[in-house]
Structure formats: C-alpha cells, structure tokens
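Listed here are the chains, written in short residue letters.
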Protein chains: 2
Amino acid sequence: MKKILNDPSYAVDEELDGLVSLYRNSLRRISGTNIIVRKDSPKIGKVSIISGGGSGHEPMQCGFVGSGILDAAIAGDVFSAPPGEQIYRAIKEVDGKNGVLLIVNNFAGDIMNFKLAEELARGEGIDIQHVIVNDDVAVSIKENRRGVAGGILVEKIAGAKAEQGATLNAVREVAQRVIDNSRSMGVGLSACTLPRTGKPLFELGQEEMEVGIGVHGEKGVERTKLKTADEIAKILFDRISTDLNLTLGDEVALLVNGMGATPLMELLVFSRNVVELLAAAQISIFRSIAGSPVTSLDMAGVSLTLLRLDEEMKEMLLAPESTPYFPKII
Amino acid sequence: MKKILNDPSYAVDEELDGLVSLYRNSLRRISGTNIIVRKDSPKIGKVSIISGGGSGHEPMQCGFVGSGILDAAIAGDVFSAPPGEQIYRAIKEVDGKNGVLLIVNNFAGDIMNFKLAEELARGEGIDIQHVIVNDDVAVSIKENRRGVAGGILVEKIAGAKAEQGATLNAVREVAQRVIDNSRSMGVGLSACTLPRTGKPLFELGQEEMEVGIGVHGEKGVERTKLKTADEIAKILFDRISTDLNLTLGDEVALLVNGMGATPLMELLVFSRNVVELLAAAQISIFRSIAGSPVTSLDMAGVSLTLLRLDEEMKEMLLAPESTPYFPKII
C-alpha cells in the first residue's frame, strides 16, 4: 500500500506538527514531546482527563483533545505505548488542581507506562486515578480484553462530566460505568502496512476476512470466507449483545467504526443492518456514530460497539464539545 | 479491493437507509426516492439550499443535510447524476416560499438534470437560481473545470447565509463569490473499485501516482513517479496559488481532503507542509479542515483546496451547523 509520507521515521512527529498547525486556535504541542494539550490548559478547578497510546489510530487520541473531551493526549510511536515520562509530563502540564483521570487502553505497554506516571504524580500529591478500557469481546478471557473503539465513548462521557465541574470520584465512577456497559468487536478485510516497512502485516486472500481483529494490525481470532455486510453485522451483533446481556427495553449508543481504509458508503450499508437487528431485539438506539474515529493505519474493516445507557450517560453524550475530530453526536 | 456490501446493485439504496436510520432525529428520506431532506423541512421563510450528485463521494452530499448547510440532497447511482425528476421533487419538498438555490457540480449530467428541474420549478412560480462549482485547476480550460472538494465550502457559506435569513440574491451572490475565490487539485495513489464490477478502474504501478485526478475515479492529467508528501504539497500548492493569484496578505480557508482510503495520519503529514508553504508566502490561514468529506469510493489520494476569504465568508464559516458529517471548523 502506497502512502503519502516523507521519511517514514518522522511520520508521527510530522503528523503531530500538522495537527497543531491546522488547529492552532485550540491545540498546542509541548515542544520536544508527543504531548498535545488544550491550548487553554490548565483549567483550574476542573478534573483533567488524559489518554494516549500508540499512533496509527488517528484521529484517536490526539484529535480528541479539546473542551469537553481530553485535556491532553500523548502519542507513542506507531502501535507503541507512549513513554511514562511523557505521560507524567502531560499530567503536570494540564493538572487543574482538582484531580486527574487517566483513561488507559488494556495493553501491557500502556498499562505499565501509565501506572509509572500515575505513581510519580501521586508521589507529588496530585489526586489521580485511572480506568482501564477493555471492550473487545473477541478475546474471551475478560482480563485480557483489549481496549478498542469503545474507549471514545468513555472519553466523551467522562470528558463531559469533568467539563461540568464534577469531582474526580464522580468522573471516574461514570467512566467505569461506561466501560462496564460497552462491548466491541471488529473484522478486517485487509492487513495494514507499517510506514517504516511498507509491507502488509499479514496476507489475506481475495475471498477471506479476519474476524475479531484488534487495532494494531493483528490478525483476528478466526479467519473465514468473506461475508456480506448483513452477515458481518449479525456475527458482531450476536457476540456483543450476548456478552453485554442486552435485553428488551435497553437503550444503547451505537458506534460503527471504520478501520482506516473503509469508505463511509460501506459503513452505512453495514449500519443499516445493525439498526434492524437492534429493532428486532426491541433495543432502542439513543444516538449513533458511524465514521472512522479509531483506525488501524490503512486496514480495511469495521468494528461495532454498543453501550447500554443510563440517564446520566445520555445527558453527557449530548453535552457540547469542541475538538477537531471527535465524531458528531446529533 | 474487497468491500463490506450486500448485493452491490443495492449499495446506494442501502447506504441511504443506513444514513437515515442512524440519524433519524435530523434526517428523513422521501420514500421511493434517493432524496434526503432535513426532518424539519420545509423551513418557511428560509432560502432552501439543495445539492446532489453521484454516489461514491460519501459523506458528500447526503451527509451534509441539516441545519446550516443543505435542506435536501439527491443521490444518483455511483458516479451518475441524479435524475431530474427527483431533483424537482426535492425542490418541491423543501421549498420554504422564499427562494431556492441549487449548488451544482460542473459535470454534463448534473448540469442537464439540475437545469431541467430548475425550469420545471420556475414554471410553477418558484423563485429559483443556481451556481456551478468548478474548482478543479487540473483542467486548464476554465469552462471545463470539474466541481470537486471545494463545493463543500460553497455549501457551508451559502448554507449559513440562508440560515441567517438572507434573501436568495444575497445567498447566490456569496456562493458565487466562494466559487470565484476557490481552487482545488488532487493526486491519486490507487484507482477506486466500482461496487458492481469489483475491479479497479485503472492500474497504477507500485511507484506511480496520478496527478490531477477528479472525484469519479478518473485518471489524472499526468502520471508521475510517486513523490513524497512535501513534494505533492508543493505541486498542488503552486498550481492552486498561481491560478488563484494569491498574494501576500491574503487570508484563506484550507481544506485537505482524503479520497476515501487514505488514513488521517497521511493527511496530517501532508497538511504540515501546506501550512509551511502558506506561511512562507505570507498568506494567513483563518480556519482549516483536514478529513475525507469528498471521496472517490476507495481511492487512495489527497486533494488540496484553498479559498480566499473576505469578512462575510469568515463569519459564515464560523456559523453553527448541525449535520451528521460536515467537517468541524474550530
């Protein structure tokens, strides 16, 4: 797969420069780091929300920095956790003296580096907590579940709560409730290509797909024959709704996420069937997102996320935000 | 290229169903047609803004229906103009009795069908005008220039003006001014694949790219060796800024548009250099968009659009809108 890049070694550095030069009214980059912060940070008296992770998932996470979502995001190298010292630096930079929540995806490297930063910050008297996003039902053992697209709903709801002036405990509590009530699963139709190597991470035949992919170009848990949009929707919906124990009368937020190289036409065709499956199960949809907020470089594919809602989450989903790339919720 | 579809013959029908089922609070589809309208239409007393064109460019145009942008959009089949009778039907449906503006891309089929609908509507006493978008500088003869990504800036500015209660003449006048002051050009790194055939529209070597592509999967005006992001930015910037006669002190809106299969990482790397080129020319950027609002199915590639701004356009760019997919301007 050809790419629009200069020296691939500088792709992450250059894209972060690109991001802040396009959105200079609202974002700034801390010089010499891969930390993107709200231009108006620190917001004194507000709980700060920080996330981060490997690059290659754009716009997640740096594109979600702004009022109502993240105070800071730290980008690692492609598919690599950001260094602990940069996470610590981000905490110090945006700390509004009323507590910090770290939203961490469940990958060994991220957990280790965020924990290190959290301990350093706590040692300095910063009131800091974390939540771990693990929405990927493709992995059966719960503690091994990866954090995938569902994390953006955690960020949205926790971000809105913090923006409204809630305490750290209240923000952490609603973030954890979102995690407990959301599940995701995805399929890949093509492998992605790392900028440095220029080669696809695996080979997949013209009539094959991977079911249960992560967001780091991994293969899925199973390789099958390529299926129709409706068949894919059914596979993902069944796995998620069973795991989440969705029942008649539940109300959900629906997130359909493209993996980077899948056009919106296909996401909308896929969504149509998901909406029908939810209607047939008498589960109502409060709001929907279909787009590509959490990508895996140039992988073709789609993931489905469902979040069972309560009244507080619904209110937070509709709260205003101002970030370059958080998807619209209308 | 594999696709997430059912029967490809129904791809457009199914994606429109998907769109309105996801965004049922704000959109509706007129039964038996490919017309998407604001749910709260007709808006009596407001000038109605209508656009449309072939499918395969999602989210353009149907994803831009909503408050502040379009009152209605009509989707043709993939890369085909919508039928005149559906355009006429859309006009009748959203007419708010204070005039209608059609925003038409400069393709023979679109021009013919929109003109037909316009004449029918005028015959019934509807006050109706049109503008023709022709921003593609890859074509040297001005009257043959295609309407590409720049059309979304016309829609945004005309849409905002109409929402504020301006007259049809005032809306048409500012729309024309946007057209007169905007230019676009793009490159393709891969061909797109039509849903019905499943085959790429042309073959391109691993080290080649097409310069001056349209948005219907056409080849460019020239095939060259694959260049770096910075080199591509320079080629497009030079052509556009010369044609637009940009001069020191001008203020522009910047639109970087991915063609469907290009991840945001690459668009941001490309954008970084465009911002540098503008700075070097002492042209200031008022606001930027980088995303994939105007696609060509699953083509990989990027286009650049620059719009020279005046005070009225700047005010309209910042006006609120509420559509599923119009890119954020922050």
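Novice: Describe the nonpolar core, listing the residues and the values that go with them.
Specialist: Formed by 222 residues in total, the largest nonpolar core has its most connected members in I36, A72 and A175 of chain A together with I36, A72 and A175 of chain B. In this view, A175 of chain A contacts L101, I103, V131, V154, I157 and A158 of chain A; residues no more than four positions away in its chain are not counted.

Novice: Account for the pairing of strand β10 (residues 251-258) of chain A, with residues named and values stated.
Specialist: All names here are of chain A. Of all eight residues in β10, seven are buried, a share of seventy percent or more. In terms of strand pairing, β10 meets strand β11 (residues 284-291) through seven bridges, oriented parallel. Paired with V252 across the two strands is I285, which belongs to β11. The sheet contact formed by β10 and strand β12 (residues 301-308) spans seven bridges and is antiparallel. Opposite N257, over in β12, you have S303 as the bridge partner.

Novice: Any details on the interface of chain B and chain A? Residues and values, ideally.
Specialist: Taken together, the contact between chain B and chain A spans 52 residues of the former and 52 residues of the latter. For the side of chain B that touches chain A, the secondary-structure elements that each account for two or more residues are α1 (11-22), α6 (229-243), α7 (264-280) and β11 (284-291) of chain B. Top element by residues in the side of chain B that touches chain A is α7 of chain B. It accounts for nine residues. Among the residues forming the side of chain B that touches chain A, the class breakdown is 25 nonpolar, 16 polar and eleven charged.

Novice: Before we move on, can you summarise the relation of the copies chain B and chain A with the specific residues and values?
Specialist: Between chain B and chain A, the superposition needs a rotation of 180° and an axial shift of 0.0 Å, giving an RMSD of 0.0 Å. Seen this way, the second copy is the image of the first under a two-fold rotation axis. Of the C-alpha atoms belonging to chain B, the one lying closest to the rotation axis is found on A261 of chain B, 2.0 Å away. Both copies present the same face, since 100% of the interface residues in chain B are matched by interface residues at the equivalent positions in chain A.

Novice: Just give me the short version of the sheet that holds strand β9 (residues 222-225) of chain A, but keep the residues and values in it.
Specialist: Note: strands within a sheet are paired through backbone hydrogen bonds, in either parallel or antiparallel orientation. Residues and elements named next belong to chain A. Strands sit in the order β9-β8-β7-β12-β10-β11 across an open sheet of six strands; the sheet is mixed. Of all strands in the sheet, those bounded by a partner on one side alone are β9 and β11. Neighbouring strand axes in the sheet, compared pairwise and without regard to direction, differ in orientation by 20° on average. Of the pairings in the sheet, the one linking strand β8 (residues 208-211) to β9 comprises four bridges and is antiparallel in character. Looking at the pairing, V211 lines up with E222 of β9. Strand contacts of helix α6 (residues 229-243): β7 (182-188), β8 and β12, with the helix running at about 155° to β7, the strand carrying the most contacts. Contacts from helix α7 (residues 264-280) reach β10, β11 and β12, with the element oriented near 160° to β10.

Definitions and limits used
Residues numbered from 1 in each chain as written. Chains lettered and ligands numbered in written order. Predicted model: local features only at pLDDT ≥ 70, side-chain atom pairs only at ≥ 80, totals over all residues. Core = buried A, V, L, I, M, F, W, Y, C linked by C-beta atoms within 7 Å. Buried ≥ 20, exposed ≤ 12 C-beta atoms within 10 Å, placed from the backbone. Contact = placed C-beta atoms within 7 Å. Helix = DSSP H or I, 4+ residues; strand = E, 2+ residues; numbered from the N terminus. Pairing = 2+ DSSP bridges. Nonpolar A, V, L, I, M, F, W, Y, C, P; charged D, E, K, R; others polar. Least-squares fit on C-alpha atoms with pLDDT ≥ 70 in both. Axes fitted to C-alpha atoms, helices over the stretch in contact; angles between N-to-C directions.

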